[in-house]
Amino acid sequence: RNPLTAISHATQLLEDTEDNPSEHKALRDIILNNTQRVNEIIGSVLQLSRREGPQQEPLDLLAWLKLFIPEYEQGQHHGQCVTLEAPETVGTVKFDPGNLRRILTNLLDNGVRHAGEHTGQFTVTLSLSKDVATNRAHMDVIDKGAGVPDDIQSRLFEPFVTTSPRGSGLGLYLCRELCQSNGATLTYERSNQTTRF
């Protein structure tokens, strides 16, 4: 990380100089953006390599989501972008809240971006339900994006597989790993012009 920090800082200092031809600015933007990408990849790999077991605790899932969603939306350029659909109560689940936050942030980020690119509306639906037969909670992140290309679907949760030129290909892989470590599953479905994780 230290060399990346130095490169990033030097690029920012170049921005502040008076002698700033437009062609040099474009090159500096490329350097800065790619530095940030490499830093994100390193951060994800480090998190995977030093990950400890989940610190599970009982979570009232609906109450937790009602706190999480406004916090998530505050960090978005698009303001209110998540619609929550849920019954009156879903009950309590055992999950590491930090892991759940990381999983949902990644899935919502992906959904908002893909919906916006495809429809111009940066919105997703978070649908909560409970399977009475198995007593398991189900959470669906639903967007109206174009979906995952057929040739990538079978490898979607593998590391370094991505459909985005800016993506690291580690987000969904990390999400599935965190789900599995908490006794949950993560799947992908495409139906009725919607994408559902």
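Since the model is a prediction, treat every value here as computed from it, not as a measurement. (Residues numbered from 1 in each chain as written. Predicted model: local features only at pLDDT ≥ 70, side-chain atom pairs only at ≥ 80, totals over all residues. Heavy atoms only, no water.)

Participant: Teacher, can you tell me more about helix α3 (residues 61–74) here?
Facilitator: An α-helix turns once every 3.6 residues. As a result, residues three or four positions apart point the same way. Along its 14 residues, α3 runs 20 Å from first to last C-alpha, staying within 8% of the 20 Å computed at 1.5 Å per residue. Listing the buried residues of α3 in full gives L61, L62, W64, L65, F68, I69, Y72 and E73. Elements in contact with the buried residues of α3: β1 (57–60), β2 (82–85), β3 (92–95), α4 (97–119), β4 (124–131) and β5 (136–143). (Helix = DSSP H or I, 4+ residues; strand = E, 2+ residues; numbered from the N terminus. Expected span 1.5 Å × (residues − 1). Buried < 20%, exposed > 50% of the residue type's maximum accessible area, 1.4 Å probe, protein only. Contact = heavy atoms within 4.5 Å.)

Participant: Sorry if this is basic, but what is going on with the sheet that holds β2 here?
Facilitator: Neighbouring strands of a sheet are bound in pairs by backbone hydrogen bonds; such pairs are parallel or else antiparallel. Across the sheet, five strands lie side by side as β2-β4-β5-β7-β6; this open sheet has mixed pairing. With one partner strand each, in any of the chains shown, β2 and β6 (189–191) form the two edges of the open sheet. Strand after strand, the sheet turns through a mean of 25 degrees between neighbouring axes, direction not considered. Direction of pairing for β4 relative to β5: antiparallel, over a ladder of seven bridges. Looking at the pairing, S129 lines up with H138 of β5. Sheet strands touched by α3: β2, β4 and β5. Its angle to β2, the strand with the most contacts, is close to 170 degrees. Against the sheet, α4 makes contact with β2, β4 and β5, and its axis sits at roughly 30 degrees relative to β5, the strand it touches most. (Pairing = 2+ DSSP bridges. Axes fitted to C-alpha atoms, helices over the stretch in contact; angles between N-to-C directions.)

Participant: Hey, could you run me through the packing of aromatic side chains in this one?
Facilitator: The way to describe two aromatic rings as a pair is by their centre distance and the angle between their planes. This model, assessed by the stated rule, comprises four aromatic pairs. For the pair F157 and F197, a centre-to-centre distance of 6.3 Å together with 85 degrees between the ring planes defines the contact as edge-to-face. Note that F157 is positioned in the loop between α5 (150–153) and α6 (171–181) and F197 in the segment after β7 (194–196), a separation of 40 residues in sequence. Residues F157 and F197 agree in their burial class; the two are buried. One aromatic cluster is present, built from ring pairs that chain together W64, F68 and Y72. (Phe/Tyr/Trp six-rings, centres within 6.5 Å; stacked < 30°, edge-to-face > 60°.)

Participant: I'm lost on the layout of surface pockets in this one. Help?
Facilitator: Rolling a probe over the atoms, with the probe sized like a water molecule, indicates the empty space that remains. One number sums up the size of the second largest pocket: a volume of about 740 Å³. Every residue lining the second largest pocket is counted, 29 residues in all, and those nearest its centre are A137, H138, M139, A184 and T185. Elements that contribute at least two residues to the lining of the second largest pocket include exactly β3, α4 and β5. A class-by-class count of the residues in the lining of the second largest pocket yields 15 nonpolar, eight polar and six charged. (1 Å grid on protein atoms, 1.4 Å probe; cavity = no way out; pocket = protein on both sides within 12 Å on 5 of 7 lines; lining within 4 Å. Points joined across faces, edges and corners; volume = space filled by probe spheres on them. Nonpolar A, V, L, I, M, F, W, Y, C, P; charged D, E, K, R; others polar.)

Participant: Mind showing me how you'd approach α4 here?
Facilitator: When the terminal C-alpha atoms of α4 are compared, their 32 Å separation across 23 residues agrees well with the 33 Å that a helix rising 1.5 Å per residue should span. Two or three places before G98, at the opening of α4, D96 has a side-chain oxygen 2.8 Å from that residue's backbone nitrogen. Just downstream of α4, G120 is the residue with a positive phi angle, here 85 degrees. (Polar contact = N/O pair within 3.5 Å; in protein donor to acceptor, adjacent residues only side chain to side chain.)

Participant: What is the right way to look at the confidence of the model for the protein chain in this model?
Facilitator: Note: predicted coordinates in regions of low pLDDT should not be interpreted at a detailed level. For the protein chain, the mean per-residue pLDDT works out to 84, and 84% of the residues sit at or above 70. Per-element averaging of pLDDT across the protein chain places helix α2 (residues 22–49) at the bottom with 70 and β1 at the top with 96. (pLDDT = per-residue confidence, 0-100.)

Participant: Quick question: what am I supposed to make of the pattern of salt bridges here?
Facilitator: When the charged atoms of two side chains with opposite charge come close together, those side chains can pair. The final tally for this structure, using the stated rule, is two salt bridges. The closest approach of N and O atoms between R101 and E71, which form a salt bridge, is 3.1 Å. Here R101 is found in helix α4, whereas its partner E71 is found in helix α3, with 30 residues between them in sequence. Residue R101 is classed as partly exposed on the basis of its relative accessible area, which comes to 34%. R196 is the salt-bridge partner of D140, the closest N and O atoms lying 2.9 Å from each other. Of this pair, D140 sits in strand β5 while R196 sits in strand β7; the two residues are 56 residues apart in sequence, bridging distant segments of the chain. (Salt bridge = Lys/Arg side-chain N within 4 Å of Asp/Glu carboxyl O.)

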